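# Summary of the model geometry
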Amino acid sequence: MLGNFTVFFQEVNIEEKIKNAPDGGYEIGVVIGTYLPFVLLVALAYFVYYKARNRKDLED
């Protein structure tokens, strides 16, 4: 139930925001704000993977 509640608030229509943008700077901000969380999560996942792969205490 909580998952459905959060998905409801996360539904963002990017095309609608860009269409109603007051200027080009706002459009760039919408694009950056949309993709930045995804990029940060990918970078975090890669960092965790890299650190786990290079652990010396797990060598056979």
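First, a word on scope: everything that follows refers to the structure included in this document. Remember, predicted model here, so these are calculated numbers, not experimental data.

### As for the overall build of the protein
Scanning the protein from N- to C-terminus turns up three helices and zero strands. Walking the protein from its N terminus toward its C terminus, one meets helices and strands in the order α-α-α. Residues classed as buried in the protein amount to 3% of the 60 residues present. On the protein, roughly 5700 Å² of surface is accessible, and the fraction owed to carbon and sulfur atoms is 65%.

### Let's talk about the packing of aromatic side chains
Enumeration according to the criterion identifies two aromatic pairs in this entry. Taking the centre distance of 6.5 Å and the plane angle of 45° together, the rings of Tyr 46 and Tyr 49 count as tilted. Here Tyr 46 pairs with Tyr 49, and both are found in helix H3 (residues 24-53), just three residues apart, close to one helical turn. Among the aromatic residues, those joined into a ring-pair cluster are Tyr 46, Tyr 49 and Tyr 50.

### Concerning a nonpolar patch on the surface
A grouping of Val 31, Tyr 35, Phe 38, Val 39 and Val 42 is seen on the molecular surface, where their side chains present a nonpolar patch of about 490 Å² in accessible area. When you line up the elements, Val 31 lands in helix H3. A relative accessible area of 34% means that Val 31 is categorised as partly exposed.

### A short note on the environment of Glu 15
Looking at where Glu 15 falls in the secondary structure, it is placed in helix H2 (residues 14-19). Distance in space between the C-alpha atoms of Glu 15 and Glu 27 is 9.8 Å, their sequence separation being twelve residues.

Each value, and the rule that gives it
Residues numbered from 1 in each chain as written. Predicted model: local features only at pLDDT ≥ 70, side-chain atom pairs only at ≥ 80, totals over all residues. Heavy atoms only, no water. Helix = DSSP H or I, 4+ residues; strand = E, 2+ residues; numbered from the N terminus. Buried < 20%, exposed > 50% of the residue type's maximum accessible area, 1.4 Å probe, protein only. Areas by Shrake-Rupley, 256 points an atom, 1.4 Å probe, with all protein chains shown as cover. Phe/Tyr/Trp six-rings, centres within 6.5 Å; stacked < 30°, edge-to-face > 60°. Patch = residues over 30% accessible without salt bridge, like charges linked within 9 Å, V, L, I, M, F, W, Y side chains within 5 Å. Salt bridge = Lys/Arg side-chain N within 4 Å of Asp/Glu carboxyl O.

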